[in-house]
Amino acid sequence: MDWISPENVIAVVTALLGVGVTFAVLLIERRVPRRKRIGHRVQLDTTVGERDDARLGLFNEQPNMTDATLVLLRIENDGAVSIGREDYNLDTHGLAVDFAPRTVRAVALTHAPFSAAAVEHSGGEVRLPRVALNRGQYFKLLVLLTGGPVGSPIEVTGEIRDGDIHPNHSTTFDDKPPLFGRAARAVVVTLTACVIVLASIIVTRDDSPPPMGCARGTLTVTGSTAFAPVVRDLARQYEKDCEGAKVVVDPHGSTAGVRQLAEQGARTTQGSPALLALSDGKKPEGYPQLREEPVAVSLYTVVLNDDIALDDITLGDLRRIYRGEITNWKALGGPDLPVRIVSRGANSGTREVFQRRVLERNEPANSSQNCATKDDPEAKALRCELDSTEQVLTTVAGLPGAIGYTELRSGTSLKGLHRIAINGHRPNVDEIGNSPYPYVEIEYVYTYGQPPADSLASGFLTYLTRGGGQAVIGTHGHLPCATPKGLRICGAG
């Protein structure tokens, strides 16, 4: 059922609890008889007279007072209704206070609605008259005792019709009864906790609408390895927002992805396959069935191993390195290390962009399998090829003298390698279109023909190019083509 959610359940429970408490209170008020209650508490029990460690100077002249103690006892009506004289069941007296083993020597009263003459005592017992007490009314007995230690038990007995007699406990002297009972406090705490939890859920829940074109099924996204980190984040967010959608990111390089899409589309007998291909730059010629949409303007950067303490390189020197004319970094003021070029394979769109935008020619031939030593001693440049951007970054970071390239990866910490400027200009998404920085390209997404409007391919394509995915693209350092600035650049591309 659609209405079952954490906030709705808590709201219903809170409402039912409130209604239940209200009816319970009314039931108690009307059906449960109010009990008469007399409470008692000892507010003082101390020594007087002569002691080894104290001499208060009281009763010094009286015999047998060396072990005297004083007890202050409070007796109160802490029930719901008043108590009358007729409510006591004993015939001879109302209440009895037993101080045994101590002996009562004298009794004084305070706040009492009766005279001291009405109090009787003998041995260790004090007998009180049947006294009427309004709700909350109390009186106190100050009793002088001998023959027992401080803290000896004190027991108040008697019989109250429809009531009881019980000991009370207070944290402060003459403490007033609490305004609310334990049950009331428990209910208030429970209701407050429910309200806080409900408010927290309402505040923290995500009310944003699902992406446009949510659809169920499985979709594969292939192509650019440079743009793969962006697509993985987009896929996770789309799957989270669209129940029943599964997006598999399986990059193999821009050219390889375009070729895979064309081959799979040609084998599909019904419509467009559940496959998208991303390419760094436009697809190669010869794939007329593929339909393209610009996604973002991507920035790329040249990276060096951290052993090479260079922060900037001219475009001319960079081209000389890739022509094999500079083979040691000391020629550029760097360390005495051989230049080791770590490149991508022929299927890489990142490599194709680097050749077209930066070198304005192809890279030299591959001359090394391990990226550290030449396999062809006649080759001018030491150059190897790897299958993915991740492999390039890992190799450059661990190989002294290595140089490579990658997408910008804004906000990513690069360990063992660093980005360098070209002709004094660094890749900056805020300066796209206004800076002469050369290593820039448009990222495209390709489908085989037009996917059905209700398909997962169509829904994810909309999310990627025009929907909520634009924010994810921006966090990775790319400029979405759907933005006003991106539209001008992507339209001109």
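Since the structure is predicted, the reported quantities are computational estimates derived from the model, not experimental observations.

**Q** Explain unusual backbone geometry to me, please; I cannot follow it from the model alone.
**A** Peptide bonds are trans in most cases, and residues, glycine excluded, mostly fall at negative phi. At the junction of Ala-100 and Pro-101, the peptide bond is cis and its omega measures out at 15° in the coordinates. Tracing the chain through its elements places Pro-101 in the loop between strand E3 (95-98) and strand E4 (103-110). With a phi close to 60°, Glu-360 is a non-glycine residue in the positive phi region. Residue Cys-371 is not a glycine yet carries a positive backbone phi of 70°. Following the sequence through the fold, Cys-371 ends up in the loop between helix H6 (349-359) and strand E16 (382-386). Residue class for Cys-371 comes out buried when judged on its relative accessible area of 3%.

**Q** Even after reading the chapter, I still don't get the state of the cysteines, so can you show me in this structure?
**A** Among covalent bonds in proteins, the disulfide is the one between the sulfur atoms of two cysteines. Tallying each qualifying case throughout the model produces three disulfides. Between the sulfur of Cys-481 and that of Cys-490 lies a disulfide, 1.9 Å long from S to S. Across the S-S bond linking Cys-481 and Cys-490, the dihedral sits near -70°, which makes this disulfide left-handed. Since its relative accessible area comes to 8%, Cys-490 is described here as buried. When the bonded cysteines of the protein chain are numbered from the N-terminus onward, they pair as 1-2, 3-4, 5-6.

**Q** Hey, could you run me through helix H5 (residues 315-322) in this one?
**A** Because the α-helix completes a turn every 3.6 residues, residues three or four places apart line up on one side. For H5, every residue scored as buried is listed here: Leu-315, Asp-317, Leu-318, Ile-321 and Tyr-322. Down the axis of H5, the buried set is contained in an arc of 165°. They therefore lie on one face.

**Q** Before we go on, may I ask you to explain the sheet that holds strand E6 (residues 125-128) in this structure?
**A** Pairing between the strands of a sheet is mediated by backbone hydrogen bonds and can be parallel or antiparallel. Strand order in the open sheet formed by four strands is E5-E6-E3-E8, and the pairing between neighbours is antiparallel. The sheet is open, and its two edges are formed by strand E5 (120-122) and strand E8 (155-158), each paired on a single side. Averaged over all adjacent pairs, the angle separating strand axes in this sheet is 20°, with direction ignored. As paired strands, E3 and E8 are joined by four bridges and run antiparallel to one another. Its bridge partner being in E8, Asp-98 is matched across the sheet by Glu-155.

**Q** For this particular structure, what's the right way to read the packing of helix H3 (residues 228-241) against helix H8 (residues 456-465)?
**A** The axes of two packed helices give the description: the angle between them and the distance between them. It is at 11 Å that the axes of H3 and H8 come closest, and there the two elements cross at 115°. H8 is crossed by H3, and the crossing has right-handed handedness. Across the interface between the two elements, Leu-234, Ala-235, Gln-237 and Tyr-238 of H3 pack against Leu-456, Gly-459, Phe-460, Tyr-463 and Leu-464 of H8.

**Q** How should I be thinking about the environment of Ala-228 in this particular structure?
**A** Following the sequence through the fold, Ala-228 ends up in helix H3. Ala-228 sits in the buried class, given a relative accessible area of 3%. Separated by 25 residues in sequence, Ala-228 and Gly-253 place their C-alpha atoms 9.7 Å apart. Residues in contact with Ala-228, not counting those within four places in the same chain, are Val-249 and Pro-251.

**Q** What exactly am I supposed to notice about the nonpolar core here?
**A** Nonpolar side chains tend toward joint burial in soluble globular proteins. Counting 46 residues, the largest nonpolar core has Leu-318, Tyr-322, Trp-329, Phe-354 and Ile-403 as the members making the most contacts within it. Among the secondary structure elements, those contributing two or more residues to this core are helix H4 (254-267), strand E12 (275-280), strand E13 (290-305), H5, H6, strand E17 (402-407), strand E18 (417-422) and strand E19 (440-448). At six residues, E13 tops the list of elements feeding residues into this core. Beyond its immediate sequence surroundings of up to four residues, Trp-329 is in contact with Leu-304, Ile-308, Leu-310, Ile-321, Gly-334, Pro-335, Leu-337, Pro-338, Val-339, Gly-401 and Ile-403. Core analysis: the next-biggest nonpolar cluster, separate from the first, contains 26 residues, Val-230, Leu-276, Val-295 and Ile-473 among them.

Conventions we followed
Residues numbered from 1 in each chain as written. Predicted model: local features only at pLDDT ≥ 70, side-chain atom pairs only at ≥ 80, totals over all residues. Heavy atoms only, no water. Helix = DSSP H or I, 4+ residues; strand = E, 2+ residues; numbered from the N terminus. Buried < 20%, exposed > 50% of the residue type's maximum accessible area, 1.4 Å probe, protein only. Disulfide = S-S within 2.5 Å. Arc of directions from axis to C-beta. Pairing = 2+ DSSP bridges. Axes fitted to C-alpha atoms, helices over the stretch in contact; angles between N-to-C directions. Left-handed = near helix turned anticlockwise from the far one by under 90°. Contact = heavy atoms within 4.5 Å. Core = buried A, V, L, I, M, F, W, Y, C linked by side-chain atoms within 4.5 Å.

On their own, these measurements won't tell you what the molecule is for.
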